[in-house]
Number of protein chains: 2
Amino acid sequence: MRILLIGAGGVGGAITKIAARRSFYEHIVVSDYDLGRAESAIAWIADRHGADVAARFTAARIDASDPEAVASVAREHSVTHVMNAVEPKFVQSIFAGALAAGADYLDMAMSLSEPHGTDPHNLTGVKLGDDQFAQAGDWEASGRLALVGMGVEPGLSDVFARYASDHLFSEIDELGTRDGANLVVRDSDGNEIFAPSFSIWTTIEECLNPPVIWEKDAGWFTTAPFSEPEVFDFPGGIGPVECVNVEHEEVLLMPRWLDAKRVTFKYGLGAEFINVLETLHLLGLDSTTPVRVRSANGPVEVAARDVVAASLPDPATIGPLMTGKTCAGVWVTGTGIDENPREVYLYHVADNEWTMAEYDSQCVVWQTALNPVIALELLASGAWSGVGVLGPEAFDAEPFLALMAASESDGGYGQPWGLDDRLAAA
Amino acid sequence: MRILLIGAGGVGGAITKIAARRSFYEHIVVSDYDLGRAESAIAWIADRHGADVAARFTAARIDASDPEAVASVAREHSVTHVMNAVEPKFVQSIFAGALAAGADYLDMAMSLSEPHGTDPHNLTGVKLGDDQFAQAGDWEASGRLALVGMGVEPGLSDVFARYASDHLFSEIDELGTRDGANLVVRDSDGNEIFAPSFSIWTTIEECLNPPVIWEKDAGWFTTAPFSEPEVFDFPGGIGPVECVNVEHEEVLLMPRWLDAKRVTFKYGLGAEFINVLETLHLLGLDSTTPVRVRSANGPVEVAARDVVAASLPDPATIGPLMTGKTCAGVWVTGTGIDENPREVYLYHVADNEWTMAEYDSQCVVWQTALNPVIALELLASGAWSGVGVLGPEAFDAEPFLALMAASESDGGYGQPWGLDDRLAAA
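Quick caveat: nothing in here was measured; it's all calculated off a predicted structure.

Taken as a whole, this structure holds 45 salt bridges over all chains when the rule is applied. Residues A:Asp360 and A:Arg48 are paired through a salt bridge, measuring 3.8 Å at the closest nitrogen-oxygen approach. Highlighted residues: A:Asp360 in the loop between helix 13 (352-359) and helix 14 (363-381) and A:Arg48 in helix 2 (residues 35-49), separated in sequence by 312 residues. A relative accessible area of 38% places A:Arg48 in the partly exposed class. When the shortest N-O distance is used, the salt bridge between A:Arg294 and B:Asp306 registers 3.0 Å. Residue A:Arg294 is found in the loop between strand 15 (290-293) and strand 16 (300-303), and its partner B:Asp306 is found in helix 12 (residues 304-311); the two belong to separate chains.

Next up on the list: the state of the cysteines. Residues and elements named next belong to chain B. Tallied over the entire structure, the rule returns zero disulfides over all chains. Free of any disulfide, Cys-243 has its nearest neighbouring cysteine sulfur in Cys-327, separated by 9.9 Å. According to the relative accessible area criterion, Cys-243 is buried, its value standing at 0%. Free cysteine: Cys-363, not disulfide-bonded; nearest cysteine sulfur from Cys-327 at 11 Å. For Cys-363, a relative accessible area of 0% corresponds to the buried category.

Attention now goes to the interface of chain B and chain A. Each side of the interface is counted separately: chain B has 25 residues, and chain A has 25 residues. Carbon and sulfur atoms make up 70% of the area that chain B and chain A hide from each other, which totals about 2200 Å². Of all residues in chain B, the largest losses of buried area upon contact with chain A belong to B:Leu282, B:Leu283 and B:Arg294, amounting jointly to 24% of the total for that side. Remark: the boundary between chain B and chain A carries two salt bridges.

Attention now moves to the domain arrangement of chain A. Residues and elements named next belong to chain A. What the domain assignment reports for chain A is domain 1 (2-151 + 366-411) and domain 2 (156-363 + 419-425). Relative to domain 2, the C-alpha centre of domain 1 lies at a distance of 21 Å. At the junction of the two partners, domain 1 supplies 41 residues and domain 2 supplies 40 residues. Interface area, domain 1 with domain 2, both sides summed: about 3500 Å², of which 61% is carbon and sulfur. Three residues stand out in domain 1 for area buried against domain 2, namely Trp-366, Gln-367 and Glu-393, and they jointly supply 24% of the buried area on that side. The interface formed by domain 1 and domain 2 holds two salt bridges in total. Between Arg-21 and Glu-358 there is a salt bridge, with the nearest N and O atoms lying 2.5 Å from each other. Here domain 1 is connected to domain 2 by 20 residue pairs in polar contact (both at pLDDT 80 or more).

Working note: α-helix, 3.6 residues per turn, so residues spaced by three or four point in the same direction. Between its first and last C-alpha atoms helix 11 (residues 270-282) of chain B spans 18 Å; for 13 residues at 1.5 Å apiece the expected length is 18 Å, and the two agree. Those residues of helix 11 of chain B not exposed but buried are B:Gly270, B:Phe273, B:Ile274, B:Val276, B:Leu277, B:Thr279 and B:Leu280. Against the buried residues of helix 11 of chain B lie helix 11 (270-282) of chain A together with helix 9 (200-208), strand 13 (239-245) and helix 12 of chain B. The first or second residue beyond helix 11 of chain B is B:Gly284, which carries a positive phi of 75 degrees.

With that settled, consider the UniProt feature "domain: Saccharopine dehydrogenase-like C-terminal" (unreviewed entry) in chain A. Under the present numbering, the feature "domain: Saccharopine dehydrogenase-like C-terminal" (unreviewed entry) in UniProt falls on residues 151-405 of chain A. Secondary structure over residues 151-405 of chain A splits into 35% helix and 31% strand, and the C-alpha atoms at its two ends are 16 Å apart.

Residues and elements named next belong to chain B. Structurally, Asp-259 is set in the loop between helix 10 (249-257) and strand 14 (262-267). Measuring from C-alpha to C-alpha, the distance between Asp-259 and Ser-170 comes to 9.8 Å, with 89 residues separating the pair along the chain. Apart from residues lying up to four places away in sequence, Asp-259 is in contact with Ile-172 and Lys-216. Among the polar contacts made by the side chain of Asp-259, one reaches the side chain of Lys-216 at a distance of 2.7 Å.

Parameters and conventions
- Residues numbered from 1 in each chain as written.
- Chains lettered and ligands numbered in written order.
- Predicted model: local features only at pLDDT ≥ 70, side-chain atom pairs only at ≥ 80, totals over all residues.
- Heavy atoms only, no water.
- Salt bridge = Lys/Arg side-chain N within 4 Å of Asp/Glu carboxyl O.
- Helix = DSSP H or I, 4+ residues; strand = E, 2+ residues; numbered from the N terminus.
- Buried < 20%, exposed > 50% of the residue type's maximum accessible area, 1.4 Å probe, protein only.
- Disulfide = S-S within 2.5 Å.
- Contact = heavy atoms within 4.5 Å.
- Buried area = accessible area lost by both parts, 1.4 Å probe.
- Domains from an automatic or database assignment.
- Polar contact = N/O pair within 3.5 Å; in protein donor to acceptor, adjacent residues only side chain to side chain.
- Expected span 1.5 Å × (residues − 1).
- UniProt positions renumbered as here; feature names shortened; annotations may be inferred.

Next up, the structure:
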């Protein structure tokens with residue numbers, strides 16, 4: 001397996017760090033629009049793991065917006081798998097470039113949605129991933145695999161859903177992805193500051209888009225942003241967090257392969273963050289349309305959303321200032337395989353203190369990066385195989401969860417996952 | 001009386017419109033950094049009142065930041081009174097320029113404060129108007145008058161306080177300025193939009209500065225922003241509005257001339273607006289320090305607060321989209337002249353529908369502009385006179401309130417004011 005990693009930012013950098021401890025691949029080309037960033041990622045590996053390990057990585061410059069450029073770099077390095085780790089706006093160009101180069105493809109976020117033109121809070125327009133699924137025939141005809149949505153959410157959440165479907169339930173009422181954290185960022189004086197752990201630009205995009213829900217009878221439909229608030233009790237010491245519906249890939253993926261009455265995604269934004277997003281929207285500060293503003297050099301035109309992002313700390317730099325844990329998982333309700341009512345939460349927790357110590361990587365970013373590396377290892381070993389455009393739930397969950405949970409000394413990733421049997425606990 | 005009006009923006013423009021209906025002055029020079037804006041104000045007068053009235057106005061360009069330039073324009077036009085109607089950051093240069101030209105001076109906001117260096121939420125630093133009062137000796141020595149804080153709040157509120165002190169109370173517990181409105185702005189589809197009726201830049205400045213309070217025993221002290229929330233019931237159909245402490249000139253002016261145990265200012269921001277200001281502060285979007293931001297022409301540097309202002313509708317343009325009323329007044333508690341407990345609210349209400357129809361001027365801006373014109377008329381007639389740096393409460397309130405309330409056919413401004421006897425009502 002020869003991998004072309006596109007993007008050496010937060011998640012891309014963490015992918016190289018995690019992969020550096022594994023040996024399932026022959027070579028990884030770490031590419032970025034900014035070559036220096038790719039080189040820095042490999043320098044970290046040389047520093048931490050030595051020159052021999054670093055020799056399995058090559059830095060390259062790439063323009064992710066150009067399918068030809070993607071295909072050209074992939075061909076040049078005889079790449080078998082293209083790993084997309086850049087912003088979702090580049091999904092379509094990388095997706096096309098990988099197919100053109102005859103490589104398999106993985107991503108962690110799918111092609112973007114467009115709201116319905118006249119009734120956006122009830123009806124779907126272009127859905128997340130629609131553009132990719134429309135090309136499934138081409139991938140099948142080429143005998144190539146596109147494994148889409150293979151981060152933590154979507155990704156690990158979809159693996160959990162498949163596991164619940166295969167091993168825990170005879171009938172599923174709801175597959176409800178639930179994401180929450182108790183992360184706190186403090187400045188050098190120890191005062192808590194507002195510093196989102198993920199790009200505010202992307203968070204605005206996903207949280208202000210109309211959330212999508214799937215129901216067996218109704219199919220996909222949308223609601224107003226921040227709908228159906230619910231306090232979900234997260235494990236690992238995180239505790240109760242207010243969650244709301246957010247547009248997310250799981251809702252588009254799970255119903256294609258798994259049988260459930262309802263599929264949802266709720267994000268534990270918390271009341272403060274929801275208020276911040278609603279206020280930004282009220283003031284038009286979520287806008288990406290440039291406005292004319294005075295500056296010391298005369299009037300300039302900037303997008304308010306870019307100014308919001310520039311005014312907040314860079315999420316990539318806040319790891320050392322952050323404490324707490326982040327939890328990703330799926331809450332499944334329905335009828336258990338013993339035909340009794342059952343409610344379980346399948347989850348994985350990442351502790352920022354640990355990810356910083358082990359990987360110099362902030363926990364939200366690291367938890368995202370972990371899962372595509374495991375998936376690549378399963379594809380390399382043949383434990384997973386497939387053709388066409390497939391979500392994580394199209395594959396057997398058991399080898400994934402076993403490899404993730406096994407200790408490093410046993411050849412695994414040392415990342416146990418949890419199962420809360422909530423009806424039993426209640 | 002020959003007046004130099006500096007600033008032909010919202011309030012300055014309304015001053016010219018109100019003055020155009022009066023005859024107490026010989027000439028008004030309407031000046032602005034943007035000559036076209038001064039010319040437009042006079043063109044409106046020509047259009048509405050004819051060439052004869054417009055001939056009493058001259059447009060001029062001025063740099064309000066330069067005391068020499070201010071003095072030069074004042075001398076050139078043999079000006080007797082300089083009327084400052086620009087942002088408070090220009091107070092010091094205009095104040096100095098007027099004195100240098102030997103003119104009297106009026107403003108509607110005083111020199112800016114600076115928070116205390118180490119304990120800003122308890123102790124005052126440089127207070128509003130400190131710089132101006134420090135120069136009182138120079139004004140007295142020159143025999144010239146600086147009438148400071150002569151808008152609606154400060155201004156009319158101080159006049160009301162003096163009236164209560166002279167005519168209604170034998171002992172005052174609190175002089176509490178209370179400002180509230182029920183203004184609503186709707187877009188062309190009739191949907192309510194967030195559009196402050198006053199400069200968001202200035203509102204951020206005054207609302208995020210530590211509010212100042214005066215008490216007879218403690219003198220001036222500060223609190224945290226938005227302290228002591230109180231629901232105040234405003235007259236004129238406005239009803240209850242949540243008010244909080246805000247830094248304002250009345251608290252610095254009234255104790256210098258009037259006897260009271262406590263002096264406060266509370267602004268009826270309402271819960272939504274308070275939340276907006278707190279959220280802007282949380283995200284650092286109130287900042288005036290430039291941040292580096294991407295733009296179509298490469299990176300630029302802009303202040304987030306300027307971007308917030310640029311993203312909202314221009315307050316000067318929302319008059320036609322606005323409905324509702326604004327109320328300014330003083331709530332006075334203590335012992336009445338009959339030695340019984342007394343609580344009164346003295347107030348003036350401006351209805352946007354009326355100010356738009358009569359003056360093409362949004363009500364908040366128009367209500368501010370009304371009061372300095374009345375004051376100038378009292379100074380022209382000799383009903384008011386003085387030397388030094390004086391607040392409105394240094395003058396007899398009765399001729400002001402009488403001239404304001406008298407109908408236009410009786411030579412007044414046709415603006416009745418109200419007195420709510422609240423203890424009696426309770």
